[in-house]
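Structural overview for review
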Amino acid sequence: MTVVADKPELLTEAFQNIQSDVDSAFDAFLPVPQDSRARLVEAMRYAAIGAGKRVRPLLVVATADLFGVNRSAAVNAGCAVEAIHAYSLIHDDLPCMDDDELRHGKPTVHRAFDEATAVLAGDCLHALAFDILTQPDTSTDPFVRAELVGALAKASGHDGMAGGQMMDIVAGEQDYDLRQVTRLQQLKTGALLAASVEMGAVLGRVPPEGRTQLRAYARDIGLSFQIADDLLDVEGDEGKAGKALRKDEAQGKATFVTLMGVDAARRQAGMLVEQAADHLASHGDDARLLIELARFIVKRDH
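Residues numbered from 1 in each chain as written. Predicted model: local features only at pLDDT ≥ 70, side-chain atom pairs only at ≥ 80, totals over all residues. Heavy atoms only, no water.

Formally: UniProt positions are given in the numbering used here, feature names are shortened, and annotations may be inferred rather than shown by experiment.
The protein chain carries the name Polyprenyl synthetase family protein in an unreviewed UniProt entry, which gives Qipengyuania marisflavi as its organism. Entered under Sequence similarities (unreviewed entry) in the UniProt record, the comment concerning the protein chain runs "Belongs to the FPP/GGPP synthase family." As its UniProt record puts it under Cofactor (unreviewed entry), the protein chain is described as follows: "Mg(2+)".

Dropping the structure here:
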């Protein structure tokens, strides 16, 4: 194996920094207007600021850092991915979807505000993501900005996150096998994680043919992330998770855990992380943060 030694303090500091940077950026992106749009923007801020672990923005920044990209530009791109993620959670929580009451340990947006405001807040965060990517502060190169937009658009739509969500909606009515569950999760969860790594490489002006190992890393952490989520749904603490758990079993959905069993699923997640680390061998110690992030994905307790 070519895995570097564990450096948990590196990851702790990186999370603290990215959480602060993303919150500050969203605060600047979303000033509250002094008119009747205020409630809408307040709902967007409620969903986007001070919420979540910021795994996706950290992936963007850590990948971009391999290629010497300006941090503020990478943070902007990371915020775009996080805006898409936040919008998806708002809509997923709606009564017409998962009908959840808690997210990140606080009332979901439609509970804290109302359903109509929640729908609009999600819509506007989706729009904000692409607005951010078209700004010169993200890149002065229009070709880079266009490629960033294309990568995030594909990862967000029917060939990515939304398509995976549709597969998940009908999962309770169909008997998915391991291949189908893997495809579902590659879209629903893995697409945005993969886009985060891809966008970091785009900012670094790495040509598509030079991204093969990064794409393999992203593919492996995407699957390990979802296996860890499935394990948490079975074994996790709702207080730490800040959301309802055990829903997949109640809805009769096939997951990595139901199809493989807890022990085999955990072994598979660990193997994927080691494999992901091996894909970054050519970057040496420069990739240590990405490797620690992969390890965190399977060890996290929420």
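Right, picking up where we left off after that structure.
What to know about the nonpolar core
Selection criterion: Take the buried Ala, Val, Leu, Ile, Met, Phe, Trp, Tyr and Cys residues and link them wherever side-chain atoms come within 4.5 Å; each set so joined is a nonpolar core. Each residue gets one of three labels from its accessible area relative to the maximum for its type: buried under 20%, exposed over 50%, partly exposed in between, using a 1.4 Å probe on protein chains only. Runs of H or I in DSSP of at least four residues are treated as helices and runs of E of at least two as strands, each being numbered from the N terminus. Working rule for contacts: check all heavy atoms of both residues, and any pair within 4.5 Å makes them a contact.
Residues Leu59, Leu125, Leu152, Tyr217 and Leu293 are the most contacted members of the largest nonpolar core, which totals 76 residues. Examining the composition of this core, we find that 11 residues originate from one element, helix α4 (residues 71–93), more than from any other. With sequence-adjacent residues up to four places away left out, Leu59 is seen in contact with Leu193, Ser196, Val197, Tyr217, Ile221, Leu290 and Leu293. By size, the runner-up hydrophobic cluster in this structure holds 12 residues, among which are Ala171, Tyr176, Leu184 and Leu231.

Observations regarding the pattern of salt bridges
Heads up, the rule is: One speaks of a salt bridge when a side-chain nitrogen belonging to Lys or Arg is within 4 Å of a carboxyl oxygen belonging to Asp or Glu.
Per the stated rule, a full pass over the model turns up 17 salt bridges. The residue Arg54 makes a salt bridge to Asp23 at a minimum N-O spacing of 2.6 Å. Taken together, the residues Arg54 in the loop between α2 (38–48) and α3 (55–65) and Asp23 in helix α1 (residues 8–29) connect sequence positions 31 residues apart. Overall, Arg54 belongs to the buried group, its relative accessible area being 2%. With a shortest N-O distance of 2.8 Å, Arg211 and Glu198 are connected by a salt bridge. Here Glu198 lies in helix α10 (residues 190–203) and Arg211 lies in the loop between α10 and α11 (212–235), a separation of 13 residues in the sequence. Each member of the pair, Arg211 as well as Glu198, carries the same accessibility label: buried. By sharing partners, the salt bridges in this structure join Glu147, Glu198, Arg211 and Arg215 into a single network.

Observations regarding the packing of helix α6 (residues 115–133) against helix α7 (residues 142–156)
Filter applied, for reference: Fitting a line to C-alpha atoms yields each axis, with helices limited to the stretch in contact; the angle taken between N-to-C directions then spans 0 to 180 degrees. Roughly parallel means an angle under 35 degrees; roughly antiparallel, over 145; roughly perpendicular, 65 to 115; everything else is oblique. Throughout this entry, Asp, Glu, Lys and Arg are counted as charged residues, while Ala, Val, Leu, Ile, Met, Phe, Trp, Tyr, Cys and Pro are counted as nonpolar. The remaining residues, Gly among them, count as polar.
One can describe the packing of α6 onto α7 by two numbers: an axis separation of 9 Å at closest approach and a directional angle of 155°. With respect to each other, α6 and α7 are oriented roughly antiparallel. When α6 is examined against α7, the residues Ala129, Phe130 and Leu133 are found in contact with a partner set consisting of Arg145, Leu148, Val149, Leu152 and Ala153. In the contact of α6 with α7, the residues fall into 7 nonpolar, no polar and 1 charged.

Observations concerning the layout of surface pockets
For the record, the criterion: Only protein atoms enter the 1 Å grid used here. Points where a 1.4 Å probe fits but cannot escape make up a cavity, open sets with protein on both sides within 12 Å along at least five of seven lines make up a pocket, and a residue lines them when an atom lies within 4 Å of a point. Grid points are joined across faces, edges and corners, and a volume is the space filled by probe spheres set on the points.
Taken as a whole, the second largest pocket encloses approximately 480 Å³ of empty space. Considering the residues around the second largest pocket, the lining is formed by 23 residues, among which Gln186, Gly190, Ala191, Ala194 and Ala195 are closest to the centre. Taken together, the elements giving at least two residues each to the lining of the second largest pocket come down to α7, α9 (178–188), α10 and α11. Ranked by the residues each element gives to the lining of the second largest pocket, the list is headed by α10, at 7 residues.

Brief notes about empty space enclosed by the protein
Going through the model one piece at a time under the given rule, you end up with 1 cavity of 30 Å³ or more. A volume near 150 Å³ is recorded for the largest cavity. For the largest cavity, the lining is made up of 17 residues, of which Ala47, Ala51, Leu89, Arg103 and His104 are closest to its centre. Looking at the lining of the largest cavity, the elements that each hand over two or more residues are α2, α4 and β2 (106–107). Ranked by residue count, the leading element in the lining of the largest cavity is α4, at 6 residues.

Digging into the environment of Gln186
Mapping Gln186 onto the fold places it in helix α9. Sequence separation between Gln186 and Gly164 is 22 residues, and the spatial gap between their C-alpha atoms is 7.6 Å. Those residues in contact with Gln186, other than ones at most four positions away along the chain, are Ala191, Arg219 and Leu223.

Details of the packing of aromatic side chains
Which entries qualify depends on this criterion: Between 30 and 60 degrees the pair is tilted, below 30 it is stacked and above 60 it is edge-to-face, where a pair is any two Phe, Tyr or Trp rings, Trp via its six-membered ring, whose centres lie within 6.5 Å. Put simply, a charge is over a ring when the Lys NZ or the Arg CZ is close to the ring centre, within 6 Å, and near the line of the ring normal, within 35 degrees.
Counting across every chain of the model gives 3 aromatic pairs. With a centroid separation of 6.5 Å and 75° between ring planes, the pair formed by Phe26 and Phe29 is classed as edge-to-face. Residue Phe26 and its partner Phe29 are located together in helix α1, separated by 3 residues, close to a single helical turn. A residue is classified by how much of its surface remains accessible, and Phe26, at 0% relative accessible area, is buried. Ring centres 5.5 Å apart and planes at 80° place the aromatic pair Tyr46 and Phe113 in the edge-to-face group. Separated by 67 residues along the polypeptide, Tyr46 in helix α2 and Phe113 in the loop between α5 (109–112) and α6 bring together distant segments of the chain. A cation over an aromatic ring shows up here: Lys106 above the ring of Tyr46, its NZ or CZ 3.9 Å from the ring centre.

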